[in-house]
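Notes for the structure review
Now for the letters of each chain:
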Amino acid sequence: MWPVDFSLEGYKAVFHTPSVWIGFRNSLFYTIAGTLINILVTMIAAYGLARPDLPGRNGIMLFFTFTMFFSGGMITGYMLVRSLHILNTIWAMLIPGALGVYNLIIARTFIESNIPTELLEAAQMDGCSDIRFFASIVLPLSKAVIAVLVLFYGVSHWNSYFNAMIYLNDKELYPLTIYLKEILMASQIDPSTVADPELQNQIARMAAVIKYALIVVSMIPILILYPFIQKYFVKGVMIGSVKG
């Protein structure tokens, strides 16, 4: 029940590695900038699809939903990123995943369920434009679902590593997850190659300490973010679950 041989050697090994700080900086940037882009694109699309007067909105929604089940694959995605000339740039981490269809459905359902059409009609009678209505009324009334989307998109960006492995070659652009993987692989030394049993135990123990220190380090930003938005989480996720 009580810690045995308490030590901070694992954290010292992690934070004394310069690449960890580079990864922290990059991951924070990708998470903040990527989440802002995600929220903006998702809410704009959700508001448009929630409007009953949008021509062909069911067909557009079907087009979005189709991409949840069928995609072009990794090779075509790489060719698209290369043709856009954003390969090995920060935009390769931000643009390809700018819109999540599942989150779009959540946001659209929220707007349809909580922002009545009569509110739009009243605003239009007062001369309010669509952009003004979206910015001044829809967004302030959508704080709950925006908080949920921030959590979903933020965690996704923070844990993202696959896009970085495919699209990035410059180590100065690597997120923290890539650096943590490299550190973890470098610390994995086969104890059986060492003859001294005591040294074997020390190597195995140090590898385990570094591994768990990396887990804690990678969780810290999300643990800091979650308490500020947890009160909106249940409300936002349950949007549209009950129909009357």
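Up top is the structure these notes are about.
Let me sum up the structure you'll find in this document. (Residues numbered from 1 in each chain as written. Predicted model: local features only at pLDDT ≥ 70, side-chain atom pairs only at ≥ 80, totals over all residues. Heavy atoms only, no water.)

1. Observations concerning the overall build of the protein chain
Within the protein chain one finds 12 helices and zero strands. Mapped from its N terminus to its C terminus, the protein chain presents α and β elements in the order α-α-α-α-α-α-α-α-α-α-α-α. Surface exposure of the protein chain reaches about 15,100 Å², of which carbon and sulfur atoms provide 67%. (Helix = DSSP H or I, 4+ residues; strand = E, 2+ residues; numbered from the N terminus. Areas by Shrake-Rupley, 256 points an atom, 1.4 Å probe, with all protein chains shown as cover.)

2. Observations regarding the packing of helix 2 (residues 18-50) against helix 6 (residues 101-114)
Here helix 2 crosses helix 6 at 50°, and the two axes come no closer than 8 Å. Compared by their axis directions, helix 2 and helix 6 come out oblique. The chirality of how helix 2 crosses helix 6 is right-handed. Facing helix 2, whose interface residues are T42, M43, A45, A46, Y47, L49 and A50, helix 6 presents N103, L104, A107, R108, I111 and E112. Split by residue class, the contact of helix 2 with helix 6 holds nine nonpolar, two polar and two charged. (Axes fitted to C-alpha atoms, helices over the stretch in contact; angles between N-to-C directions. Parallel < 35°, antiparallel > 145°, perpendicular 65-115°, else oblique. Left-handed = near helix turned anticlockwise from the far one by under 90°. Contact = heavy atoms within 4.5 Å. Nonpolar A, V, L, I, M, F, W, Y, C, P; charged D, E, K, R; others polar.)

3. Comments concerning the nonpolar core
Counting 27 residues, the largest nonpolar core has M43, Y47, L104, I111, F133, V138 and L149 as its most contacted members. Mapped by element, the contributors of at least two residues to this core are helix 2, helix 3 (57-69), helix 6, helix 7 (117-125), helix 8 (130-141) and helix 9 (143-159). Discounting chain neighbours no more than four positions away, the residues touching I111 are M43, A46, Y47, A50, V138 and S142. Among the nonpolar cores identified, the runner-up in size contains 11 residues, and L176, L180, I210 and A213 belong to it. (Core = buried A, V, L, I, M, F, W, Y, C linked by side-chain atoms within 4.5 Å. Buried < 20%, exposed > 50% of the residue type's maximum accessible area, 1.4 Å probe, protein only.)

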